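Spelled out, the chains give:
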Amino acid sequence: MSEALADSGSVDASKRTWLIASGCAGAIGGAAAVVPFVSSFQPSEKARAAGAAVEADISALKPGEKMTVEWRGKPVWIVRRTPEQLAALPKLDGQLADPDSTRKPEEQAPAYARNATRSIKPEFFVTVGICTHLGCSPSDKFQTGAQPSLPDDWQGGFLCPCHGSTFDMAGRVFKNKPAPDNLEVPPHMYLSDTKLLIGEDKKA
């Protein structure tokens, strides 16, 4: 009798172990099923590479600062220009290769950014951070004045370290530089005062 009870106890213990293991496996499987479901709300890597629009929160961006987001595998810079940087733009026209962005206008910027500041809102400049020469990524040179590889009257902008092309704070290329065109302005729109959508410029 005692042996039968012992056997029954060991069977119950085995059943308990099996039930616990099955329950855990079910919970893990359920959680694993939820992950791809939640992930489906976000653009896939393939969709982003194909050009899915990307949101950018610019609420923390201060005057004189830049942030970078990725769109189509490219760095897109969002620069919040200072009043001084904006005031310097028209003074540079004579030094620029294409001050009015008339070369390949459809490739360089959407119609709403073909203006003196190359932007929707003058304060915020949005551009693809890739040099139009050989695809290098220029460096920020926002500080004004003489610096290595820059003129003494430098007013701030970007310098491509590979071959020396320089761009002003509107991404316009200076004369006699290897880069043939201004930096590209991608399609974009404001979702609110603090949110930008890169890669799309009209509401669905």
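Heads up: the structure comes first, above all this text.
Residues numbered from 1 in each chain as written. Predicted model: local features only at pLDDT ≥ 70, side-chain atom pairs only at ≥ 80, totals over all residues. Heavy atoms only, no water.

## Quick look at the sheet that holds strand S1 (residues 54–57)
Move 1: Across the sheet, three strands lie side by side as S1-S9-S8; this open sheet has antiparallel pairing. Only two strands of the sheet have a single neighbouring strand rather than two, namely S1 and strand S8 (188–190). For this sheet the average axis-to-axis angle between neighbouring strands, irrespective of direction, equals 25 degrees.
Move 2: With three bridges joining them, S8 and strand S9 (residues 195–198) adopt antiparallel strand pairing. In the strand pairing of S9, Tyr-190 is matched with Leu-196. (Pairing = 2+ DSSP bridges. Helix = DSSP H or I, 4+ residues; strand = E, 2+ residues; numbered from the N terminus. Axes fitted to C-alpha atoms, helices over the stretch in contact; angles between N-to-C directions.)

## Quick look at the sheet that holds strand S7 (residues 166–168)
Move 1: Spatial strand order, S5-S6-S7: three strands in an open sheet with antiparallel pairing. Strands with a single pairing partner mark the edges of an open sheet, and in this sheet they are strand S5 (139–141) and S7. Pairs of neighbouring strands in the sheet enclose a mean axial angle of 30 degrees, with direction left out of account.
Move 2: Taken together, the three bridges between S5 and strand S6 (residues 157–159) define a ladder with antiparallel strand orientation. Bridge pairing in S6 links Asp-140 to Phe-158.

## A few points about the nonpolar core
Move 1: If you look at the biggest cluster of nonpolar residues, it comprises 18 residues, and the most contacted ones within it are Val-79, Phe-158 and Phe-167.
Move 2: Non-local contacts of Val-79, meaning those with residues more than four positions away in its chain, are made with Leu-61, Glu-65, Lys-66, Glu-123, Phe-124, Phe-125, Phe-142, Phe-158 and Met-169. (Core = buried A, V, L, I, M, F, W, Y, C linked by side-chain atoms within 4.5 Å. Buried < 20%, exposed > 50% of the residue type's maximum accessible area, 1.4 Å probe, protein only. Contact = heavy atoms within 4.5 Å.)

## What about the packing of aromatic side chains?
Move 1: The full count for this structure, using the stated rule, is three aromatic pairs.
Move 2: Taking 5.6 Å as the distance between ring centres and 80 degrees as the angle between the ring planes, the aromatic pair formed by Phe-142 and Phe-158 counts as edge-to-face. Highlighted residues: Phe-142 in the loop between S5 and S6 and Phe-158 in strand S6, separated in sequence by 16 residues. Here Phe-142 and Phe-158 have matching classes, each one buried.
Move 3: A ring pair is formed by Trp-154 and Phe-174, whose centres lie 5.7 Å apart and whose planes are at 35 degrees; its orientation type is tilted. Here Phe-174 lies in the loop between S7 and S8 and Trp-154 lies in the loop between S5 and S6, a separation of 20 residues in the sequence.
Move 4: An aromatic cluster of three or more residues is present, and its members are Trp-77, Phe-142 and Phe-158.
Move 5: Here the basic side chain of Lys-66 rests over the ring of Trp-77, its NZ or CZ set 4.2 Å away from the ring centre.
Move 6: Over the ring of Tyr-190 we find Lys-121, and its NZ or CZ is 4.2 Å from the ring centre. (Phe/Tyr/Trp six-rings, centres within 6.5 Å; stacked < 30°, edge-to-face > 60°. Lys NZ or Arg CZ within 6 Å of the ring centre and 35° of its normal.)

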